[in-house]
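# Geometric and topological summary
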Amino acid sequence: MRSNVANPKVDYFPLLELRKNMYILLQKLLSQPLSKNDYIQIKNNGNLDVIKGFGEGGEIIYNFFKVDNGTNSSVHEQEYYKLFIGPGTLLAPPWESIYRGKDRILYDYPSLEVAKIYDSFGLELVERNIEAEDHLVIELEFMIHLIESSSKENEIGSRFIDGQDLMLSQHLSKWIPDFTKDVLDNTESTLYRGFALLLNDFISFDTAYIKEFSL
Amino acid sequence: MSIFKQIKENSISRRTFLKWSGASTAPLVLGGISTKKYLKPKEVRAEKMEDQVKVIPTCGTTNCGGRCLVKAHVKDGKIIRISTDDAEEDSLICPQIRACIRGRSYRKFIYNPNRLKYPMKRVGKRGEGKFERITWEEAINTIHKETERITDKYGPASRYSVYASGNWGGITSGRTMFNKLMGLTGGYLGYHNTYSSAQTSIATPYTYGTGASGSSLDSLVNSKLIILWGHNPAETIFGTSNFYLKKAKEAGAKIYVVDPRYSDTGVGLADEWFPIRPTTDNALMDAMTYVIITENLHDKKFLNKYCIGHDEKHMPKDIPEGESLESYILGKKDGVEKSPEWAEKICGLPANKIRQLAREYAMAKPAALIQGWGPQRHMNGEQIVRGSTVLASITGNVGKNGGWASGSGGFGRTSVASVPNVENPLGITIPCFLYTDAITHGTDMTAEDGIIGLKEGEGLPTNIKLLFNLAGNALVNQHGDINKTKEILEDENLVEFIVVSDVFMTPSAKFADILLPSNTFFERYDIGLPWGYGDYAILSQKVSESLYESKSDYEWLTLLAKKMGVEKEFTEGKTEKDWARWVIEETRKEDPEFPSWKQMQKQGIHKWKFEKPTIGFEKEIKDPENNPFPTPSGKIEIFSKDLWDMNKHEEIPAIPKHVPVDEGPESELTKKYPLQLIGWHYKRRCHSTHDNNPWMEEAGKQEMWMNEIDATERNINDGDITKVFNDRGIVHIPVKVTNRIVPGVVAIPQGAWYTPNKEGIDTRGSINVLTTQKPSPLAKGNPQHTNLVEVEKAQ
C-alpha cells in the first residue's frame, strides 16, 4: 500500500464514468465500420468535448465528428476492412496474440491467459470460436465490465481494480503501441488514425492511472 | 501542454485533474448507440475450466500426396501443438505415416489472422478485390437468385464448378457436392481430367488398356535399379514413396534420377543424376531403345508373347510397312537412326551416359522405371508417357516383382465406401483445362476439342455463364496464362456470376461476386486417403469449432439445397459427421478388419497390412490366355491402331516418338525466348496452399533456379531480382544461381500467389503468368512445364 495513496472516494469514483465511456467509445469505433447513421447520431447527439484534450488522437476524433462536414463513409469502410477484417492481408490485426506471440498467429498464449482472467471474474465467451478472447474489442469490453463492477464496491484495492491493473499492465499496454504503429503506417483515414492515437494515449494514461489504486 | 500529457508526465496533481474532469460541461456521451456483447456470465458447471490437453488424431485434406497422420493437441478448444505418427511399428508392411514440414506447420494455417471470416459481396469491379460484409442469409439468397436466373436464361449446361483441389478429401467436399446438388436440379457442365495427370491418364491406356499400371511399393525392395524419371517424392510426398525408396536402397537397389533439376529426391536418394532438357524425354527414350535393340538387350521372348508393334512381324493388320517401333528407331523409313549421338544433340545428355542408362536399365533384372507426373505435364506429354511404357515392355519389366510397367502407375489395393452421388443428367464433360475456352466460345467447341457426351458435330449447348469455385485456386492462379484468364473473368457479360469459397483471399478469390469463408479440415469431418501408394485411411476428425462465421462447403450447400427444394435428397438426412461414420461402417461391412467408428475416433488411422506385394499386370503376364490386357488386341500395344486411326500422325503418332513442340529447345521461338521454363512442386507448399504461411517461407523462399552459365551471361548474381518474361506476361522473382539445374533451363516453383503491382507485373513469382492455355494434342491437358522465356536483371 503506497503511503500517499489516493482517497478513492475523491480520486477514483468520480472519474469512473469518464473512463468507462472512453472504453465504450474506443470499442464502438473498432467493433464495426462506422455507418452513416452512427456518424450522424454521434455528430448530433454525442458530447465529445472532454476528449478534445486527450492528445492528438482526441483532437482528430473530435474534429472528425464535430467539426468536419460530413464524411465519405464508404472510403472509411474500406479502410476498416483493410486494417481489421479482410479479405486479404490484415494490415493491423487486432489480436494480442499477433503482437506478442512468436508466429503472428491467433490463439497463441495471450488468448489462453486472458481467457483465464475472464474466467476468474466469472465470465466466458457468449459464443466460442466466433472470436478469440484476446481480440481488442473483447479486452475493451472486459475493462468496461471491471469498471462497472468496481463502482459497486467501496474500498480501494477491490479485485475489480486489481483486475484492471492486471489487464492494463500485463496485457493491453504490452501490445497496443505496436498495434497503433501498424494502423498509423497503413492508413490515411483520419477516423482510424485518430482512433489509434486516442487508443494508444488513453491506454498509456490508464495504465499509469490505475496503478495508484491497486495493491 | 494538454491535460492528458501533464497527467502522464506527472506534472500535474491528481486534484487538478479531477477539478478539470469535474468541470467538463457534460460527461462523454455517444448518443445511445450500442455494441455487441462478447462476454457473458459463466454457466454453472461441475468441472473447472479445462486445463487438460486432449490429443486428437486427424489429417489434412488439402491436395497433398501424403494426407498423413496429424495429432492435434487441444487445450480449452484451441490447438496448441501438432505432432505426428509415432507408432512403434515402422516396417515394410506397416510404415509410419509421418507428416512433412507442411503438416507440422498446420497451426499457422488454421490460426492465420487473414482467414476469411464472414460472407462478403463484391463492391467495385470484378477482380478489384473490394468487398463488404453481408450475412449468410443474404449470401445464400443471392446465390440462389443468380443460379435460378442464369439457369432459366441459358439452361443448366451454363453451370460449371471449376477444377479445385484445396479440399481433396474423401467424402463431402464442395467439388463433389456441387455435382450432387446440380445433378438433382437439372444438371451442369462437368469436367474430366485433372491438372495433375491429364496426359498420363489418357495416354497410358493406349498401351495397356488401363492406367492402373502400378504395383505396391514394397515390391521395390526387389528392384536392382530404380529410375525416378521426373519423379520427386521427397518434396511431393507421393503416399509412402519415400519410405519404400529408402528400404529399396537398403536392400541394394541403385537409384538414378532423370530430371532437368537435381531435385531433393536426387540429392537425398540417388546414386546418379542424368540431366536432360525438358520436353526431350522421348529423344532420350528413343536412343535408349536404339541401344537396347542394337545391342540385343531387349527381351524378345516377352515382346513376341505379349506385345504388338515392336517389329514388322508383329503389327496389326492393314498397317503399311515401316511403322513399327524397330523401323522408327533404326531409321528405316525416315532415314534417321535414333542413336545416342542423335539424341545427345536434342536432350543434352551425353551419348555415353545414354548408353550407360540404357544398358543398365536393360540388364538390371528386374528394374523399375518410375515416371512422375512432371514429365507428362508438357506440350506433348502423351508421347513421354507412352515412351516410358515402351521401355518397360522391351525390357520385360511389366508384371514383374521389382519391375514397373511405367506410365501413370495408377495403383490402389485398398478402398473405403464412397458417399453416394447423383449422375449428371446432361452427361457432358469438358477437359478441365479448357474451362476458359468454354466461357469465351463454348458453343463452338465439339468432340474435336476433347468434349465427351456430345453428338457428332454438336457444340456445347451454351457458353459457361455461372462459376462455382469451391476450395480451389485454379480459377486464376493455377490455370494457364493468368493475364488472359483475368481479362476473360473481368468481363461480366461473359461469366455473369462467380461464387467462391476459400479459407483465404487467394488470387482466385479476388474474382468472386460472392465470397464465402470456408472452415478448415480441423473444423469438420472427412476421410483422408493418400495418392495411390499407401495402404491406409485416416479419419480427418473435427478438432475445434469453425472459426468466425466460416462454414464447410457441405454446410452452406445444404442451405442452398433447401432454397432449391432438394435438401432431403442432397443430405439424405446426414451431416458430415454422419457421412464419415457411414463410410466407416459401410467399409466395415465389406471388410470386418476395418475399425469401428469408436475405434477410428480414438486411433485416427487404419493401416491395412499385406504380407506380399501386389504387382501390376501380374495376372496378364502369368496367364495371358485368361487375362488379356484390356486393349483392342488384348496385347501391350506399343503400336496403337486406335491412335493410328485418328490420322494425326505428326502430333499423335501410333508409336511414341520424339515430337518437337512449339516451346521446346528446337523451336524457332528460342531466338526470341532462349530459356526453357519449368515449374516444380515445392516442398513448402501444397500446390498453392501455404503460400501465405511465414514458417514455410522460411523453409523455402520463392525463388527461381538458374544455371551459373546462363546467369553469368546475363550479369545476374545469386539473390538478384530478375525479370522473367515472354509474350504472355512478366514476373519479377529473386534468383538462386545453381548448378543443380541444366543450362538453358530455369525453374520457378509452382503455386505462388499472383501478386501484380501497378504495372501489372507479378511480384511474387507466379509461374502461370508465363504459361499457355494451349492444350496438349491428345488429352487436351495442361502443358505447364513447356514454356520459353527470357530473363534479365530487374531494374
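Since the model is a prediction, treat every value here as computed from it, not as a measurement.

Assigned secondary structure in chain B consists of 26 helices and 27 strands. Computed over the C-alpha atoms, the radius of gyration of chain B is 29 Å, within 12% of the 28 Å expected from 2.2 N^0.38 for a compact globule of 795 residues. Structurally, chain B occupies a C-alpha span of about 110 × 65 × 60 Å along its principal axes. For chain B, the share of sequence-separated contacts (at least 6 apart) that also reach a separation of at least 24 residues comes to 73%. Summed over its atoms, the accessible surface of chain B is roughly 30,400 Å², and 49% of this surface lies on carbon and sulfur atoms. Where the 103 positive side-chain charges of chain B centre and where its 101 negative ones centre are 7 Å apart.

This part is about the interface of chain A and chain B. With 68 residues of chain A in contact, the opposing surface of chain B contributes 62 residues. Taking both sides of the interface into account, the surface hidden between chain A and chain B amounts to around 6,000 Å²; carbon and sulfur atoms contribute 62%. By the criterion of area lost to chain B, the three top residues of chain A are Pro-87, Glu-124 and Asn-129 of chain A, representing 12% of everything that side buries. The tally of links between chain A and chain B comes to five salt bridges. For Lys-108 of chain B, the salt bridge is made with Asp-103 of chain A, and the minimal N-O distance between the two is 3.3 Å. Along the contact surface separating chain A from chain B lie 18 residue pairs in polar contact (both at pLDDT 80 or more). Counting residues per element, the ones that place at least two in the side of chain A that touches chain B are helix H1 (8-11), helix H2 (16-31), helix H3 (36-45), helix H5 (73-85), helix H7 (109-120), strand E1 (123-125), helix H8 (136-150) and helix H10 (190-211) of chain A.

This part takes up the packing of aromatic side chains. Under the counting rule described, the total for this entry stands at 56 aromatic pairs over all chains. Ring geometry for Tyr-163 of chain B against Trp-168 of chain B: centres 6.1 Å apart, planes inclined by 50°, an arrangement best described as tilted. Within the aromatic cluster, the residues linked to one another by ring pairs are Tyr-80, Tyr-81, Phe-84, Tyr-99, Trp-175, Phe-179, Tyr-192 and Phe-195 of chain A. A cation over an aromatic ring shows up here: Arg-159 of chain A above the ring of Phe-160 of chain A, its NZ or CZ 5.1 Å from the ring centre.

Okay, the pattern of salt bridges next. Residues and elements named next belong to chain B. Tallied over the full model, the rule gives 61 salt bridges over all chains. Notably, a salt bridge pairs Arg-115 with Glu-523, separated by 2.9 Å at the nearest N-O pair. Of this pair, Arg-115 sits in the loop between helix H4 (107-110) and strand E5 (120-122) while Glu-523 sits in the loop between strand E17 (514-517) and strand E18 (526-528); the two residues are 408 residues apart in sequence, bridging distant segments of the chain. For the pair Arg-115 and Glu-523, a shared accessibility class is recorded, and that class is buried. A salt bridge links Lys-338 to Asp-334; its shortest N-O distance comes to 2.9 Å. Counted as one network, the salt bridges with shared partners bring together Arg-684, Arg-685, Asp-691, Glu-697 and Arg-764.

Turning our attention to the packing of helix H11 (residues 281-294) of chain B against helix H14 (residues 340-347) of chain B. Residues and elements named next belong to chain B. It is the contact of H11 with H14, at a shortest axis distance of 9 Å, that shows an interaxial angle of 165°. With respect to H14, the element H11 is oriented roughly antiparallel. The element H11 and its partner H14 pack so that their crossing is left-handed. On H14, the residues touching Ala-283, Leu-284, Asp-286, Ala-287, Tyr-290 and Val-291 of H11 are Pro-340, Trp-342, Ala-343, Ile-346 and Cys-347.

Helix length check: helix H9 (residues 159-186) of chain A, at 28 residues, gives a terminal C-alpha distance of 38 Å against a target of 40 Å (1.5 Å per residue), a fit within 8%. Of all the bends found along H9 of chain A, the most pronounced is centred on Leu-172 of chain A and spans about 50°.

According to the domain assignment, chain B contains domain 1 (120-196 + 422-519 + 546-588), domain 2 (208-407 + 616-645) and domain 3 (668-793). One C-alpha centre belongs to domain 1 of chain B, the other to domain 2 of chain B; they are set 39 Å apart.

Let's shift gears to the pairing of strand E4 (residues 78-84) of chain B. Residue and element names in this part refer to chain B. Among the seven residues of E4, five are classified as buried, and the element is accordingly described as predominantly covered. Relative to E4, strand E3 (residues 69-75) runs antiparallel, the two sharing six bridges. Across the sheet, Val-74 pairs through a bridge with Ile-79, a residue of E4. The turn linking E3 back onto E4 is made up of two residues, and Asp-76 within it adopts a positive phi angle of 50°.

Attention shifts here to the nonpolar core. Among the nonpolar cores identified, the biggest contains 155 residues, and Phe-84 and Phe-179 of chain A together with Leu-467 of chain B are the most heavily contacted of them. At eleven residues, the largest contribution of residues to this core is made by H10 of chain A. Here this core gathers at least three residues from each of two domains, domain 1 (120-196 + 422-519 + 546-588) and domain 3 (668-793) of chain B. With residues near it in sequence (within four places) discarded, Leu-467 of chain B still touches Tyr-160, Val-162, Tyr-435, Ile-439, Leu-475, Leu-489, Val-495, Phe-497, Ile-498 and Val-499 of chain B. Among the nonpolar cores identified, the runner-up in size contains 55 residues, and Leu-225, Trp-342, Ala-362 and Ile-636 of chain B belong to it.

Moving on to the pairing of strand E13 (residues 367-371) of chain B. Residues and elements named next belong to chain B. Summarising burial for E13: five of the five residues are buried, a large majority. Side chains Ala-367, Leu-369 and Gln-371 project from E13 onto one buried face, and the interleaved Ala-368 and Ile-370 project onto a second face that is buried too. Two elements, strand E9 (residues 225-229) and E13, share five bridges in a ladder whose sense is parallel. When the bridges of E13 are listed, Ile-227 appears paired with Leu-369.

Now for the packing of helix H6 (residues 174-184) of chain B against helix H19 (residues 553-563) of chain B. Any two packed helices are characterised by the angle at which their axes cross and by the distance between the axes. All names here are of chain B. In contact at an axis separation of 10 Å, H6 and H19 are set at 15° when each is read in the N-to-C sense. Classified by the angle between their axes, H6 and H19 sit roughly parallel to one another. Relative to H19, the crossing made by H6 is right-handed. Within the contact between the two elements, H6 uses Gly-174, Met-177, Phe-178 and Leu-181 and H19 uses Asp-553, Tyr-554, Leu-557, Leu-560 and Ala-561. Grouping the amino acids of the contact of H6 with H19 by side-chain chemistry returns seven nonpolar, one polar and one charged.

A few words now on the side chain of His-378 of chain B. All names here are of chain B. Positionally, His-378 belongs in the loop between E13 and helix H16 (381-394). By relative accessible area, His-378 is classed as buried at 5%. Once residues lying within four places of it in the same chain are set aside, the contact partners of His-378 are Gln-199, Pro-278, Thr-279, Ile-384, Ile-678, Ser-776, Asn-782, Pro-783, His-785 and Thr-786.

With that out of the way, let us pick up unusual backbone geometry. Pro-87 of chain A follows Gly-86 of chain A through a cis peptide bond whose omega is 5°. Assignment of secondary structure puts Pro-87 of chain A in the loop between H5 and helix H6 (96-100). Residue Pro-366 of chain B is reached from Lys-365 of chain B by a cis peptide bond, and omega for that bond is 0°. Looking at where Pro-366 of chain B falls in the secondary structure, it is placed in the loop between helix H15 (351-363) and E13. Positive phi is not limited to glycine here, since Phe-617 of chain B has a value of about 65°. Mapping Phe-617 of chain B onto the fold places it in the loop between strand E20 (605-607) and helix H23 (618-622). Its relative accessible area of 6% is what places Phe-617 of chain B among the buried residues. Positive phi values are uncommon outside glycine, yet Asn-647 of chain B reaches one of about 60°. In this fold, Asn-647 of chain B is placed in the loop between helix H24 (641-645) and strand E22 (675-678).

On to the sheet that holds strand E11 (residues 272-274) of chain B. All names here are of chain B. With parallel pairing, the four strands of this open sheet are ordered in space as E11-E10-E9-E13. Since the sheet does not close on itself, it has two edges, and those belong to E11 and E13, each with one partner. Across the sheet, the mean angle separating the axes of adjacent strands is 20° when strand polarity is ignored. Examined bridge by bridge, E9 and strand E10 (residues 254-258) share five bridges and lie parallel to one another. Across the sheet, residue Leu-228 finds its bridge partner in E10, namely Val-257. Along the sheet, H11 contacts E9, E10 and E13; its crossing angle with E9, the most-contacted strand, is approximately 155°.

What follows covers the confidence of the model for chain B. Averaged over every residue, the pLDDT of chain B is 94; the share at 70 or more is 95%. Reported for the predicted complex are a pTM of 0.93 and an ipTM of 0.91.

Moving on: the sheet that holds strand E2 (residues 53-59) of chain B. All names here are of chain B. Across the sheet, which stays open at both edges, the three strands sit in the order E2-E3-E4 with antiparallel pairing between neighbours. Edge positions in the open sheet fall to E2 and E4, since each of these has one partner strand only. The average angle at which neighbouring strand axes cross in this sheet is 30°, direction not considered. Pairing between E2 and E3: seven bridges, direction antiparallel. For Thr-58, the partnering residue across the bridge sits in E3 and is Val-70.

Criteria and thresholds
Residue numbers run consecutively from 1 along every chain, following the written order of its sequence. Lettering of chains starts at A and numbering of ligands starts at 1, both following the order in which they are written. This being a predicted model, a pLDDT of at least 70 is required before a residue's local features are given, and a value of 80 or more before pairs of side-chain atoms are given or counted; all residues contribute to the totals for chains, interfaces and linings. As a rule here, side-chain values cover all heavy atoms of the structure and leave hydrogens and water aside. Starting at the N terminus, helices and strands are each numbered in turn, a helix being any DSSP run of H or I of at least four residues and a strand any DSSP run of E of at least two. For a compact globule the rule gives 2.2 Å times the number of residues to the power 0.38, and the radius of gyration it is set against comes from C-alpha atoms. In this analysis, two residues are considered to be in contact whenever any of their non-hydrogen atoms come within 4.5 Å of each other. Using a 1.4 Å probe, the Shrake-Rupley method yields the accessible areas, and only the shown protein chains count as cover for residues. Positive charges come from Lys and Arg alone, negative charges from Asp and Glu alone, with His and the N- and C-terminal ends not counted. Note that the charge is assigned to NZ on lysines, CZ on arginines, CG on aspartates and CD on glutamates. Put simply, buried area is how much 1.4 Å-probe accessible surface two parts lose in total, over both of them, once they are put together. Counted as salt bridges are all cases of a side-chain nitrogen of Lys or Arg within 4 Å of a carboxyl oxygen of Asp or Glu. Any pair of nitrogen or oxygen atoms within 3.5 Å is treated as a polar contact; in protein, a donor-acceptor pairing is required on top of that, and neighbouring residues in sequence qualify only through side-chain atoms on both sides. Think of it this way: a Phe, Tyr or Trp ring, Trp meaning its six-membered ring, pairs with another when their centres are within 6.5 Å, and the plane angle makes it stacked under 30 degrees, edge-to-face over 60, tilted otherwise. Here, a charge over a ring is recorded when the distance from Lys NZ or Arg CZ to the ring centre is within 6 Å and its angle to the ring normal is within 35 degrees. Only protein chains enter the calculation, and the probe is 1.4 Å; a residue is then buried if its accessible area is under 20% of its type maximum, exposed if over 50%, and partly exposed in between. The convention used is that axes are lines fitted to C-alpha atoms, helices contributing only their stretch in contact, and that angles between N-to-C directions extend from 0 to 180 degrees. Angle categories: roughly parallel below 35 degrees, roughly antiparallel above 145, roughly perpendicular from 65 to 115, and oblique for all the rest. Crossing chirality is assigned from the near helix's rotation relative to the far helix, an anticlockwise turn below a right angle marking it left-handed and a clockwise turn marking it right-handed. Helix span, as expected, comes to 1.5 Å for every residue beyond the first. Note on bend: the value at a residue is the angle between axes fitted to the seven residues ending there and to the seven starting there. Domain delimitation follows an automatic or database domain assignment. The pairing criterion for strands is at least two bridges between them, as found by DSSP. Grouping buried Ala, Val, Leu, Ile, Met, Phe, Trp, Tyr and Cys residues that are joined through side-chain atoms within 4.5 Å yields what is termed a nonpolar core. Classification used: nonpolar for Ala, Val, Leu, Ile, Met, Phe, Trp, Tyr, Cys and Pro, charged for Asp, Glu, Lys and Arg, polar for all others including Gly. pLDDT is a residue-level measure of predictor confidence that goes from 0 to 100.

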